[in-house]
Amino acid sequence: MEAYERKWQQKWEEAGLFEPEPDKRKKFFITFPYPYQNGPPHIGHGFTFLRNEVFARYKRMRGFNVLLPQAWHATGGPIVASALKIREGDEKQIKTLKSLGIPEDEIKKFSDPEYWIKYFTSKWKKAFKSLGASVDWRREFFTTHLNPAYSKFIEWQYRKLRDLGYLVKGSHPVVWCPKEKKVVGDHDRPDEYAGIVPEEVVLIKFSRGKIIFPCVTFRPETVYGVTNIWINPDSEYCEIEIGEEKWIVSAASIPELEAQKGKVKIVKKFAGKDIEGLEVKNPVTGSVVPVLTAEFVKPEFGTGVVMSVPAHAPYDYIALKESGLEFKMISLIQVEGYGEFPAAEVCERMGIKSQKEVEKLEKATKEVYTAEFHKGILKDITGKKGMKVSDAKPVLVEEFVKSGAAEKYYVLPSEVLCRCGERCIAGIIKDQWFLKYSDPEWKRLAHECIDGMSFFPEEIRRNLHSAVDWLRDWACTHKGELGTPLPFDREWVVESLSDSTIYPAYYIVAKYLQNPERYGINIERLKDSFFDFVFLGEGDPAEVSAENGIEKELLEEIRKEFVYWYPVDFRNSAKDLLNNHLPFFIFHHVALFPESFWPKAIGVNGWMMVGGEKMSKSKGNFILLEEAVEKWGADVTRLSILFSGSMGLDDMNFEPEFPERMKRKIKQLFRLVELYGSGRDEIRPVDRWFRSRLHRRIKTVTEFMENTSFRDAMERILFESFNDLSWYTRRCREANREVMKEFIESLVLMLSPFAPHAAEELWEKLGKSGFVSIENWPEAKEEFIDDVVEKQEELVVKTLEDIRELKKIVKGEWKEIRIYTSRSWKYRVLEIASEKPENLVKEIMKIDEIKKHGTEAVKFAQKLTDRIEKPLSMEAEFQALKSAEGFFERELGCQVRVLKGDESDSEKAMRAEPGKPGIEIITE
RNA sequence: GCAGGGGUACCCAAGCCUGGCCAAAGGGGCAGGACUGAGGCUCCUGUGGCGUAGAGCCUGCGAGGGUUCAAAUCCCUUCCCCUGCACCA
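Residues numbered from 1 in each chain as written. Chains lettered and ligands numbered in written order. Predicted model: local features only at pLDDT ≥ 70, side-chain atom pairs only at ≥ 80, totals over all residues. Heavy atoms only, no water.

Undergrad: Any chance you could break down the sheet that holds strand 25 (residues 613-614) for me, citing the residues and the numbers?
TA: Strand order in the open sheet formed by three strands is 25-24-26, and the pairing between neighbours is mixed. Two strands bound the open sheet, and with one partner strand each, they are strand 25 and strand 26 (652-654). Pairing analysis gives three bridges linking strand 24 (residues 608-610) to strand 26, with the strands arranged parallel. If you follow M609 over to strand 26, its bridge partner there is N653. (Pairing = 2+ DSSP bridges. Helix = DSSP H or I, 4+ residues; strand = E, 2+ residues; numbered from the N terminus.)

In structure tokens, the structure reads:
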């Protein structure tokens, strides 16, 4: 880190530059979603944060009173699970901590979840500070019951949601560990089982008298084609009592059954083969089919009882064939490209002979299921003739359930082992609290909010609309995790995403509630009325003051402050929050706040890659933010990270050589100081060109900044500016003092949001007082933007290029170069053409001067395409070239004369055209 | 499967909404040159093909087709890649 970086960070802090108070200016409130504290920040976090930070700094320079607060998230399971792993001595977890630079003897401290929070929040804060973040740290906090003030806020919020009817109770399928008796989230299992969730299946209740044979199936629509049902011959089966009913199920399936349907009583136990040959009734068709045995039936899957549909299920077809029994397939589904019995067809094609060919059978099954589900049309027998399978399935399920022929059930699609080693099952949590995101009115409000917002990039608006539509009720409480207990059902803790919805509002009060002693506030005394008053303006100040033990004046000040800062004006997050947190953020705001406090804008960016690959510790391309700043300094780190990408869903890419490049850029910037204040006073056309380019660039950059296209802005500031500068100095050798001053000042100002330390240092070196961080953003002055001047300079550039090209061709000693503008009649033609007359040739032939060129004039006119935009006049071209004579001579080391085409009979002069001067080389 | 995003020159990447000034910004790499004791610094030049005392022509933005006087940009078809699909940050 550079010495001046420390210096300016200290100066900012001393000046309280980023601790805004409400004033007369317009406010701008920016938030970066608080990061989860189970690890230190890396450069990917850096990118997302910096998009907020740069925008904050930019808006500050645009005269806004900007608030950029920061907090930390600790709610949820992963920290608890990781701490548990440390306690258990899990090698992998220990290695992870070590790789984060945590010394061996400190690792045992991480067996306490609280230590994680303490350790990583300080890491994050340190990293952000060293980056020069313009954060108001007075509002810092972290979540969970460990922060009682925040918990009060969550409790208020959940009581509100309950009163609004948006909090409901229900049951919910989960992955369950029967040994530990707990929900097994992704963080509670070995990585290879991540992402597996319970899948809904249907139990079709075949029966024999009063005894039910519940067949588990993914494809209830095939119940019409059942020829028999299967059980495993050698596994243990039981007759159980479940509620009022008697069921036959495998012994292995009982734990899952109990986890979903409640306690069962085992009446009898027997082997599967003992009941082979019994006949059972199909509850949908009424037909009677036999119970048969097959090896492929897995007793632990579902109920251990399955139905057999040989026409459409390869396993069933093969098992029946192997049994040697006679069977008659029933065709239910018509699929393009297949015959009457797709399963049989596929099995024969693949040459499957035995149930033991599991791999082939799985493949066959997948093929048949996919084809039938998406392209299959049901036949008459199902009563849904002509319907697509994918459409008919949910309808049929509802009918079966309603008639009592079936029940819904859940299974795990593949094996999941808990961290404790136990095989998990699908369970159902009862009394689960849900946020009722399915509520149509709530959805409507959320859509309305989205319609009124701005998005960066605009495309994510659609994503959010569909996310809002797609969200179902959300299980918002957990057990055994960090968080705030649900105030009216304290055995539950509010789940991670559900407690981080409207917390930007908390930033406003955090200044007070996180420093209660300074304001004479007793957190324990806080009631809902405090939040009602501050956030919603409800209640009588005197009463609220008395109830909460807070001075009335203070209370009103807090309310005023809230009204001043809210709503959120901009919130930038990484794209992973697009389907969860961001819609939640919107949902909860529209539920709890009046429209004037709904969020204004959201930005999104992708994932950080390093060297074109996903960051990972094993690949060695994992870059921690803290290390980056240490190694490269704050500004270089900021620039390198920001240069890695832009907004949107595409991933950024941090190339390892960026820091070196940016370091050079900063050096180059510092060298500008030498040019500052020297030069001549006289204004030449090149100066006008340079100034025009500068103002045009300010305009473009400003547009990019408004649009949060920071990388585009950087390219203009850091690269294109310098291209102009080098052309300018090359062109006129001695710069114009004022223009150069303006150029340098503007550059430093525009640099400030990106590399604020260097900008401050430069600003000081230019002899300016005060902080550049709060200076005014440069203004693009239209009066300096001059199309003609820029076109003229382009002509000079092009002409130089053309001569250079000739250099390759024309050998011999060059004595003189003559440059001819086109003959004047061609400008006339062009002029007339640019007015787009109906018949150009007719028009120009009216003019004698042109007419005398006859065919040549017609040819020239015909060559012109229909649109010639504002061509330079002959005089403008001539002046541009003429004034560059000296420059050409310098560049080309040869005498150069610029002449008007009309003044010469040279063939080159005749061929010259507007915009394409003729060039004649005079050799010895 | 559903939903969303993307395929641009040696590489990264802009442009695409609002078609024409786009052989396509900017950066990197590479090649040549200048500077230098030397350079991995800085500066200049070149970097699709062909042609040439230059003002152009051809090919070209995943592939194929279409609309248009005109397409990287609009429409259709197709291939390939990435992300999400939930109780979890």
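Right, picking up where we left off after that structure.
Undergrad: Describe the protein's contact with RNA strand B, naming the residues involved and giving the relevant values.
TA: What surrounds RNA strand B is a group of 52 residues, the closest being Y36, V197, H478, N580 and R661. Of all atoms in RNA strand B that approach within 4 Å of the protein, 60% are sugar or phosphate atoms. For RNA strand B, a sugar or linking oxygen lies 3.3 Å from a polar atom in the side chain of D650. Taking E715, its side chain carries an N or O atom lying 3.3 Å from a base nitrogen of RNA strand B. The leading source of residues in the surface near RNA strand B is helix 24 (residues 710-732), at seven residues. Classifying every residue of the surface near RNA strand B gives 17 nonpolar, 16 polar and 19 charged. (Near = heavy atom within 4 Å. Polar contact = N/O pair within 3.5 Å; in protein donor to acceptor, adjacent residues only side chain to side chain. Nonpolar A, V, L, I, M, F, W, Y, C, P; charged D, E, K, R; others polar.)

Undergrad: Report on the nonpolar core, specifying residues and quantitative values.
TA: By size, the foremost hydrophobic cluster in this structure holds 129 residues, and its most contacted members are I43, F754, I817 and F888. Leaving out residues up to four positions away in the same chain, F754 has contacts with V54, R638, L639, L642, M705, F710, A713, M714 and I717. Membership of the second largest hydrophobic core comes to 79 residues, among which are W156, I429, V534 and L578. (Core = buried A, V, L, I, M, F, W, Y, C linked by side-chain atoms within 4.5 Å. Buried < 20%, exposed > 50% of the residue type's maximum accessible area, 1.4 Å probe, protein only. Contact = heavy atoms within 4.5 Å.)

Undergrad: Hey, could you go over the packing of aromatic side chains for me, with residue numbers and the actual values?
TA: Enumeration over the complete set of coordinates arrives at 73 aromatic pairs. Where Y58 meets W777, the ring centres are 4.9 Å apart and the plane angle is 85°; that geometry is what we call edge-to-face. Highlighted residues: Y58 in helix 2 (residues 43-61) and W777 in the loop between helix 26 (756-765) and helix 27 (787-809), separated in sequence by 719 residues. With a relative accessible area of 0%, Y58 lands in the buried category. Judged by its relative accessible area of 7%, W777 is buried. Judged by centre distance (6.0 Å) and plane angle (40°), the rings of F218 and F301 are tilted. With F218 in the loop between strand 6 (211-217) and strand 7 (228-231) and F301 in the loop between strand 12 (288-293) and strand 13 (305-308), the pair connects residues that are 83 residues apart, well separated along the chain. Under the relative-accessibility criterion, F218 is labelled partly exposed at 28%. (Phe/Tyr/Trp six-rings, centres within 6.5 Å; stacked < 30°, edge-to-face > 60°.)

Undergrad: Kindly report on the side chain of T821, identifying the contributing residues and their values.
TA: Within the fold, T821 resides in the loop between strand 27 (814-820) and helix 28 (824-834). In contact with T821, other than residues within four places in its own chain, are Y827, M874, E877, F878, L881, L899, K900, G901, A909 and A912.

Undergrad: I'd love a proper account of the packing of helix 23 (residues 685-706) against helix 25 (residues 737-751), names of residues and values included.
TA: Relative to each other, helix 23 and helix 25 sit at 15°, their axes nearing to 10 Å. On the basis of their axis angle, the class for helix 23 and helix 25 is roughly parallel. Relative to helix 25, helix 23 is oriented so that their crossing is left-handed. Touching D687, F690, R691, L694, H695, I698 and V701 of helix 23 are V739, E742, F743, S746 and M750, all from helix 25. For the contact of helix 23 with helix 25, the class distribution of residues is seven nonpolar, two polar and three charged. (Axes fitted to C-alpha atoms, helices over the stretch in contact; angles between N-to-C directions. Parallel < 35°, antiparallel > 145°, perpendicular 65-115°, else oblique. Left-handed = near helix turned anticlockwise from the far one by under 90°.)

Undergrad: So what's going on with the packing of helix 21 (residues 634-642) against helix 26? Which residues, and what values?
TA: Between helix 21 and helix 26, whose axes approach to 7 Å, the crossing angle comes to 125°. The angle between helix 21 and helix 26 falls in the class oblique. Of the residues in helix 26, those in contact with A634, D635 and R638 of helix 21 are P756, H757 and A758.

Undergrad: Provide a residue-level description of the environment of T144, including the pertinent values.
TA: By the secondary structure assignment, T144 is in the loop between helix 5 (113-130) and helix 6 (148-163). A relative accessible area of 0% means that T144 is categorised as buried. Between the C-alpha atom of T144 and that of I154, which follows or precedes it by 10 residues, the distance is 9.2 Å. Each residue touching T144, except ones within four places of it in the same chain, is listed here: A74, T75, Y150, S151, L482, G483 and T484.

Undergrad: Describe the pattern of salt bridges, with residues and values.
TA: Counted under the stated rule, the structure contains 69 salt bridges. The shortest N-O distance in the salt bridge between R638 and E53 comes to 2.9 Å. You can see R638 sitting in helix 21 and its partner E53 sitting in helix 2, a full 585 residues away along the chain. The pair R638 / E53 is uniform in exposure class, with both members buried. The residue R62 makes a salt bridge to E706 at a minimum N-O spacing of 3.9 Å. On the criterion of sequence distance, the pair formed by R62 in the loop between helix 2 and strand 2 (65-67) and E706 in helix 23 is long-range, its members being 644 residues apart. When its relative accessible area of 38% is taken as the criterion, R62 is described as partly exposed. Each of E19, E21, D136, R138, R139, K511 and E561 takes part in one network of salt bridges that share partners. (Salt bridge = Lys/Arg side-chain N within 4 Å of Asp/Glu carboxyl O.)

Undergrad: Requested: an account of the sheet that holds strand 4 (residues 182-183), with residues and values cited.
TA: An order of 4-3-17-19 is seen for the four strands of this open sheet, with the pairing classed as antiparallel. Edge positions in the sheet fall to strand 4 and strand 19 (474-475), since each has one partner strand and no second. Pairing of strand 17 (residues 425-435) with strand 19 involves two bridges; the strand directions are antiparallel. Of the residues in strand 19, the one forming a bridge with F434 is A475. Of the strands in this sheet, strand 3 (167-177) and strand 17 are in contact with helix 7 (residues 254-261), which crosses strand 17 at around 15°.

Undergrad: Break down the pairing of strand 22 (residues 570-574) for me, with residues and values.
TA: Among the five residues of strand 22, five are classified as buried, and the element is accordingly described as predominantly covered. Side chains F570, N572 and A574 project from strand 22 onto one buried face, and the interleaved R571 and S573 project onto a second face that is buried too. Sheet analysis places strand 1 (residues 27-31) next to strand 22, joined by two bridges and oriented parallel. Following the sheet pairing, I30 is matched in strand 22 by F570. Sheet topology places strand 22 next to strand 23 (residues 601-605); four bridges connect them, and they run parallel. By the bridge assignment for strand 23, R571 is matched with I602. Tracing the backbone out of strand 22, into helix 19 (residues 581-592) and back to the parallel element strand 23 gives a crossover that is right-handed. (Right-handed = clockwise from strand over helix to strand, strands pointing away.)

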